[in-house]
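# Observations on chain architecture
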Amino acid sequence: MIHLKIRIQGIVQGVGFRPFLHRLAKAHHISGTAYNDSKGVILHIQGHKEDVQDFLKELPQKAPCHSKIESIDTTKQPLENWNSFTIQESKSGIHQTLISPDMAPCQDCVNEMLDPKNRRFGYPFINCTNCGPRYTIVKDIPYDRKNTTMKEFTMCSLCQQEYEDLQDRRYHAQPNACANCGPTLFYQGEQKKGDPLENAIQDLKEGKIVAIKGIGGIHLACDARDPKAILRLRKRKHRETKPLAVMVKDIDTAKEFVQLSVDEEKLLISTQRPIVLCAKKNKEAYKELSENKNLGILLPYSPLHILLMEKMDALVMTSANLSDAPVLIDNNEALEDLKHIADSFLLHNRTIENRCDDSLLRNFQGKPYFIRRSRGYVPIPLSSKTDITGILALGAHQKGSFAWGKDHYVFLSPYIGDLETIETFNHYKKALHTYQRLFDLEARQIVCDLHPDYTTTRFAKSLSLPLIQVQHHHAHMASCMMENNLDELCFGILFDGTGFGSDHTIWGSEFLIGDYTNFKRVGSIKQIPLLGGDKAIHEIGRIALALSIESNCEIPIFETGKQKILKQMLSKSIQTSGMGRLFDGFYALITHTKAQDYDGQAPVLLESMAATTTESYPLCFYEENNIRFFDWSEMIHYAVTETKAPEIQAAKMMNTIIEMTIDQTLHLNPKHLPIVLSGGCFQNQYLLKEIVHRLQELQYRVYWHTQVSCNDEGIALGQLAIAQKRM
Ligand code: ZN
Ligand code: ZN
Ligand code: FE
């Protein structure tokens, strides 16, 4: 007989780990005990040597699917007088353990919910140790019912029995509930039937807009097959053109809307249930849902969604918020704020403690390519090779995020949004405090962007802690390096909209050579004048005008008077080398569009409209202060003077950017340093795919993002990586 004390660290709370240990112990005739503590699970096992060995062998192999074992430490102990295996109450203490993300309903729960003979038939809050809400309901750790928003619901005797029964799938399932004891739905609207769900479905069928409370926030929903309803939603929400995501009943329904690869299907059905951007079956179809060639699709991820989808097989699901504010989570706020948008409300009385938006990604080469990493993924940390305790990186400004280090973990914030409004910044600060409390984080070193006017920079300076400011594109580069475990001199290709440069001008098409400590700017593009500053980011016709004047081929885009005034601004304008701006301007130029509705619309439409051609425009470069610049004026001149369809021109422009990138790389990276691709413009799939392909053909080692977004949401990780080396 031997007795071992085992400490298991990782994601081992809230995922059915102790019940699993209990069953495993029983199977191997082992006695002892298990309990959660602040660092994970402590396990004492006592039994015959072979049994103990078998137990230890099977432990990592058979661990619950959502657990993640980081380490197992074993010490020998004197024998105890045990004759059974018991689960003990959690010990509270210093908070150090991880928390599981929210998980979509497991198949067992779905089957029960749809089985008329089951006592949870039709119950929209069914869950078990393998599925259900986690991060969004947790208030404190250890992860026990009393520390979640389920605290207000006292389990009935049947639920309590399941909770205590080792053989039951709900053994120690903290959000366990049934219709007799758990959360309930309520409906507010015009329908008069008794059942809230039936009422909401009736509204949806009538083309109405219903606010539906989900897991991490409230959605506005309407029938995705009813163009009139969709237009009404767009109008009321002031979201005229921005694409809307569609929740579909199942994969077969998804295939009516989009083409699905095997990899995309896998992402859709994963327990994280993100919105997956897929190519529409027909580029011109479903324009009212998305004006571009892609459509965001997601599968139901709460039991309530599944019940809804039994009757409505495709619903528009868009975050319920007021312009630029974070998604609503509170019932009363929703009833007030959405009264002119939603026709009715399907809400419930389980409080959402932590706001968590839907994650948004696409598939790239069999791996997720994040645009927004949130529900289903947070708060699982990334791991770091070094101890990064005490580093708090505050991110950028648009797509605000933070990264907070502790031990070898990087805790990344959920989706926050652009830090343009007080509400969004409050959400940011609340998420910071929540993380601090849940993971017992401390800040000894602050990192922020170089930009003097970012909200995060001002916030950083107010904290009276040691501060490091990191150049925006260096942070993009470091973010991609850290994800890919690169700790050597690298070549960064960073294409985005805007970032404050070391020379105090605005950068955005950068070729950098560097490591975490230092970098050198070796390549960029000729600067683009922004007529009237930030106004040009919205009114992209101004960029087209500037591009054309600078290329000696002025185009008439505004009426004469305005055009004249704008021309006078040229010499005094702010200049930028932003790739996003070049896309904005080029799109405006070939389509004669004066303004875009939202940031990023023009580049997406340009990618979307492009025909298939290998043609490109001539390349032109010049050197200044040892930096090699791409001169776009040749390209603009050709585009203005040629007679080609805009679809061909869009493709030629992207091909030119690809050729330019290859040419710059050949000139500026002769030593074949590993290449990292980052920045928001790498959301352009054509650019990403072709640049990766071409560079690999040339025997370069190329790396891209698979764990955080290439856009500014990923900046915080890069800031943290840099601070870790500079401290
Ligand atoms: Zn389940
Ligand atoms: Zn119950
Ligand atoms: Fe950026």
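Each value, and the rule that gives it
Residues numbered from 1 in each chain as written. Chains lettered and ligands numbered in written order. Predicted model: local features only at pLDDT ≥ 70, side-chain atom pairs only at ≥ 80, totals over all residues. Heavy atoms only, no water. Donors = N, O, S within 2.8 Å, 3.2 Å for Na, K, Ca; no water. Tetrahedral: all angles 85-135°; square planar, octahedral: opposite > 155°, others 65-115°. Buried < 20%, exposed > 50% of the residue type's maximum accessible area, 1.4 Å probe, protein only. Helix = DSSP H or I, 4+ residues; strand = E, 2+ residues; numbered from the N terminus. Pairing = 2+ DSSP bridges. Axes fitted to C-alpha atoms, helices over the stretch in contact; angles between N-to-C directions. Parallel < 35°, antiparallel > 145°, perpendicular 65-115°, else oblique. Left-handed = near helix turned anticlockwise from the far one by under 90°. Contact = heavy atoms within 4.5 Å. Nonpolar A, V, L, I, M, F, W, Y, C, P; charged D, E, K, R; others polar. Disulfide = S-S within 2.5 Å.

Note on metal sites: the ideal angle is 109.5 degrees for four tetrahedral donors, and 90 or 180 degrees for six octahedral donors. Here the zinc ion (ligand 1) is held by the protein donor atoms C106 (SG), C109 (SG), C128 (SG) and C131 (SG), which lie 2.3 to 2.4 Å from it. Coordination geometry of the zinc ion (ligand 1): the four donor atoms subtend angles of 103 to 118 degrees at the metal centre, consistent with an arrangement described as tetrahedral. Counting gaps between the donor residues of the zinc ion (ligand 1) yields the pattern C-x2-C-x18-C-x2-C. Judged by its relative accessible area of 14%, C106 is buried.

Glancing now at the coordination of the zinc ion (ligand 2). Here the zinc ion (ligand 2) is held by the protein donor atoms C156 (SG), C159 (SG), C178 (SG) and C181 (SG), which lie 2.2 to 2.3 Å from it. Around the zinc ion (ligand 2), the four donor atoms sit at angles spanning 104 to 116 degrees, and that spread fits a shape best called tetrahedral. Here the donor residues for the zinc ion (ligand 2) map to a single chain with the spacing C-x2-C-x18-C-x2-C. In this pair, C156 is assigned in the loop between helix 3 (107-113) and helix 4 (157-164) and C178 in the loop between helix 4 and strand 6 (185-188), connecting sequence segments 22 residues apart. With respect to class, C156 is no different from C178; both count as buried.

The element strand 1 (residues 2-11) is largely enclosed, with a buried count of seven among its 10 residues. Summarising the sheet, strand 1 and strand 3 (residues 40-47) pair through seven bridges and their orientation is antiparallel. From the neighbouring strand, I8 faces strand 3, where its bridge partner is V41. Across nine bridges, strand 1 lies against strand 4 (residues 68-77) in antiparallel orientation. Within the sheet, the bridge partner assigned to I8 lies in strand 4 and is I72.

Glancing now at the packing of helix 11 (residues 422-439) against helix 12 (residues 455-462). As a packed pair, helix 11 and helix 12 sit with axes 12 Å apart at the nearest point and diverge in direction by 45 degrees. Classified by the angle between their axes, helix 11 and helix 12 sit oblique to one another. Seen from above, helix 11 lies across helix 12 with right-handed handedness. Residues F425, Y428, K429 and L432 of helix 11 pack against T455, T456 and F459 of helix 12. Its residues assigned to classes, the contact of helix 11 with helix 12 comprises four nonpolar, two polar and one charged.

On to unusual backbone geometry. Comment: phi is negative for the bulk of residues other than glycine, and the bulk of peptide bonds are trans. Put simply, I141 and P142 share a cis peptide bond, and its omega is 5 degrees. Examined against the element boundaries, P142 turns out to sit in the loop between helix 3 and helix 4. Of note, the bond from V378 into P379 is cis; its omega dihedral lies within 30 degrees of zero at 5 degrees. Examined against the element boundaries, P379 turns out to sit in the loop between strand 15 (367-372) and strand 16 (382-383). Within the chain, H29 stands out as a residue other than glycine whose phi angle is a positive 55 degrees. With respect to the helices and strands, the residue H29 is situated in the loop between helix 1 (17-27) and strand 2 (31-37). Residue classification places H29 among the exposed residues on the basis of a relative accessible area of 64%. Its identity as a non-glycine residue notwithstanding, K399 has a phi of 50 degrees, on the positive side.

Attention now moves to the environment of H693. Tracing the backbone shows H693 in helix 21 (residues 685-697). Through-space distance from the C-alpha of H693 to that of Q46 is 56 Å; in sequence the pair is 647 residues apart.

One pass over the structure, following the stated rule, counts zero disulfides. No disulfide involves C480; its sulfur sits 8.7 Å from the nearest other cysteine sulfur, which is in C490.

The next thing to look at is the pairing of strand 13 (residues 344-348). In terms of burial, strand 13 is largely enclosed, as five of its five residues are buried. Of the two faces of strand 13, the one lined by S344, L346 and H348 and the one lined by F345 and L347 are each fully buried. Of the pairings in the sheet, the one linking strand 6 to strand 13 comprises four bridges and is antiparallel in character. Looking across to strand 13, one finds that F186 is bridged to L347. In terms of strand pairing, strand 7 (residues 210-213) meets strand 13 through three bridges, oriented parallel.

Reading across from one edge, 6-13-7-8-12-9-11-10-14-15 is the order of the 10 strands in this open sheet, with mixed pairing throughout. Of all the strands in the sheet, the pair left with one neighbour each is strand 6 and strand 15. Averaged over neighbouring strand pairs, the angle between their axes works out to 35 degrees when direction is ignored. Its contacts with the sheet put helix 5 (residues 196-205) on strand 6, strand 7, strand 8 (218-223), strand 12 (314-319) and strand 13, and the angle it makes with strand 6 is roughly 45 degrees. Against the sheet, helix 21 makes contact with strand 14 (360-364) and strand 15, and its axis sits at roughly 35 degrees relative to strand 14, the strand it touches most.

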